[in-house]
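Chain by chain, the residues run as shown.
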Amino acid sequence: MPDRTAGTILVTGAGSGIGRATARAFLAEGWRVALLGRRKAALEETAGQGDALVLQADAGDPAEVAAAFARLRSEWGRLDVLFNNAGIALPGAPIDEIAVEDWLRLCQTNITGMFLCAREAFGMMRRQSPQGGRIINNGSISAHVPRPGSVPYTMSKHAVTGLTRTLALDGRPFDIACGQIDIGNALTEISAKFPSGVPQADGSIRAEPVMEVGHVAEAVLHMARLPLSVNIPFLTIMARDMPYIGRG
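Here we summarise the structure given alongside this text. (Residues numbered from 1 in each chain as written. Predicted model: local features only at pLDDT ≥ 70, side-chain atom pairs only at ≥ 80, totals over all residues. Heavy atoms only, no water.)

**A closer look at the sheet that holds strand S5 (residues 133-138)**
Strand pairs in the sheet, formed through backbone hydrogen bonds, run parallel or antiparallel to each other. As summarised here, the arrangement of the seven strands in space is S3-S2-S1-S4-S5-S6-S9, forming an open sheet in which the pairing is parallel. Looking at the sheet topology across the chains shown, the edges are occupied by strand S3 (52-56) and strand S9 (234-238). The sheet shows a mean angle of 15° between the axes of neighbouring strands, taken without regard to direction. Across six bridges, the pairing between S5 and strand S6 (residues 176-184) is parallel. Along S6, the bridge assignment pairs Arg-134 with Ala-177. Contacts from helix H5 (residues 151-170) reach strand S4 (81-84), S5, S6 and S9 within the one sheet, and its direction differs from that of S6 by about 155°. (Pairing = 2+ DSSP bridges. Helix = DSSP H or I, 4+ residues; strand = E, 2+ residues; numbered from the N terminus. Axes fitted to C-alpha atoms, helices over the stretch in contact; angles between N-to-C directions. Contact = heavy atoms within 4.5 Å.)

Right under this line is the structure:
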C-alpha cells in the first residue's frame, strides 16, 4: 500500500459512538468508508451523503462477517485499514453476580468479533495487490487497569491487547501493521453518566471528566495515515484529569 492521505477503511460498530465519529472523520477526509454494524438505519445515518458502503452484520457472527467482507472485496477489491472497534459493556457487578449468559454475550462481540474481523481483514490484506494494510484495534484504559466490578469488560480488553501484539508480529512478512488505541472517557452514550458520578476504587462515587469523541477520531486518522513501515503499537488518549493510575 503506498503512502497516501486517503484510502479504504472498514469501521466496525459504526452505528454509534466512537465508530460513528471515526467513520465520519474519515469520510470528511475523502476516504472510502465501509460501515459494519447490526442496525442498518444507524449505519445509514452515520453515512449521510458520504462515499460509504453499508454492511449490516453482527461482528460476532462468523457467517455475517464473512459475507460482509466478501461484499467489500467484490465492490472495492482492497482494504487499506480496519478499525476493529465494535464492543459492548455490562453494568458493574462482582463476578458472582454476573450471569454467565451476559458474559458469553459480551465475549461474542468483544473477543470473538474482534477475532473474526481481524481474521478477514488480515486474509484480504495478505492476498491483495499491492499487499499489506493496517489493523487498528479499539482497546481501552481497561486494557491496563480496571474499574470496580468490570471483570467481563476488563478481561475482554486484555484479550484485545494479546490480539494486537500477535498481529503486529504475524503481519510483518505481509506488510500488515497492527496497533491499538486505548481510550479513556470519550463522551459517548456509554460514558454520558461519568460527569454525574461513577464508582471509584476507594468505594466512593465521583464525577469524572470526559473529552469530545472527535479527538479519538483524529487519533485514529493519524495512525491510519502512517506509511506501513511505521507503526504505533499502543496509543493512549484520555480526558486529561480522569482517574487512571490507581483509578482514584
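**Let's talk about the side chain of Arg-20**
With respect to the helices and strands, the residue Arg-20 is situated in helix H1 (residues 17-28). For Arg-20, a relative accessible area of 15% puts it in the buried group. Among all residues touching Arg-20, those that are not within four sequence positions of it are Gly-13, Ala-14, Gly-15, Ala-42, Glu-45 and Thr-46. (Buried < 20%, exposed > 50% of the residue type's maximum accessible area, 1.4 Å probe, protein only.)

**What about the packing of H1 against helix H6 (residues 214-225)?**
For the pair H1 and H6, the least separation of the axes is 8 Å and the interaxial angle reads 55°. If you check the angle between H1 and H6, you find them oblique. Helix-helix and strand crossings are classified by hand; for H1 and H6 the assignment is right-handed. Contacts between H1 and H6 pair Ile-18, Ala-21, Thr-22, Ala-25 and Phe-26 from the former with Val-216, Ala-217, Val-220, Leu-221 and Ala-224 from the latter. Of the residues that constitute the contact of H1 with H6, the class distribution is nine nonpolar, one polar and no charged. (Parallel < 35°, antiparallel > 145°, perpendicular 65-115°, else oblique. Left-handed = near helix turned anticlockwise from the far one by under 90°. Nonpolar A, V, L, I, M, F, W, Y, C, P; charged D, E, K, R; others polar.)

**Some remarks on the environment of Ala-192**
Its place among the elements puts Ala-192 in the loop between S6 and strand S7 (198-199). In this structure, the C-alpha to C-alpha distance between Ala-192 and Leu-72, residues 120 residues apart in sequence, is 34 Å.

**Some thoughts on the packing of aromatic side chains**
Tallying each qualifying case throughout the model produces two aromatic pairs. On the numbers, 5.9 Å between centres and 80° between planes, the contact of Phe-122 with Phe-174 is edge-to-face. Placement of Phe-122 in helix H4 (residues 100-127) and of Phe-174 in the loop between H5 and S6 is noted, with a sequence separation of 52 residues between them. Phe-174 shares its class with Phe-122; the two are buried. Lying across the ring of Phe-194, Arg-147 places its NZ or CZ 4.7 Å from the centre. (Phe/Tyr/Trp six-rings, centres within 6.5 Å; stacked < 30°, edge-to-face > 60°. Lys NZ or Arg CZ within 6 Å of the ring centre and 35° of its normal.)

**Quick word on unusual backbone geometry**
A cis amide bond links Ser-129 to the next residue, Pro-130, at an omega of 0°. On the secondary structure map, Pro-130 appears in the loop between H4 and S5. Positive phi, close to 60°, is recorded for Asp-175, a residue that is not glycine. Examined against the element boundaries, Asp-175 turns out to sit in the loop between H5 and S6. Asp-175 gets classed as partly exposed once you look at its relative accessible area, which sits at 36%. In this structure, Asn-185 is a non-glycine residue whose phi angle is positive, near 65°. If you trace the backbone, Asn-185 turns up in the loop between S6 and S7.

**Some points on the packing of H1 against helix H2 (residues 40-47)**
Close contact between H1 and H2 brings their axes to 9 Å; oriented N to C, the two are set at 40°. Regarding the angle of H1 to H2, the classification is oblique. Here the hand of the crossing between H1 and H2 comes out right-handed. Contact residues: Arg-20, Ala-23, Arg-24 and Leu-27 in H1; Ala-42, Glu-45, Thr-46 and Ala-47 in H2. Split into classes, the residues belonging to the contact of H1 with H2 amount to four nonpolar, one polar and three charged.

None of this, on its own, says anything about what the molecule does.
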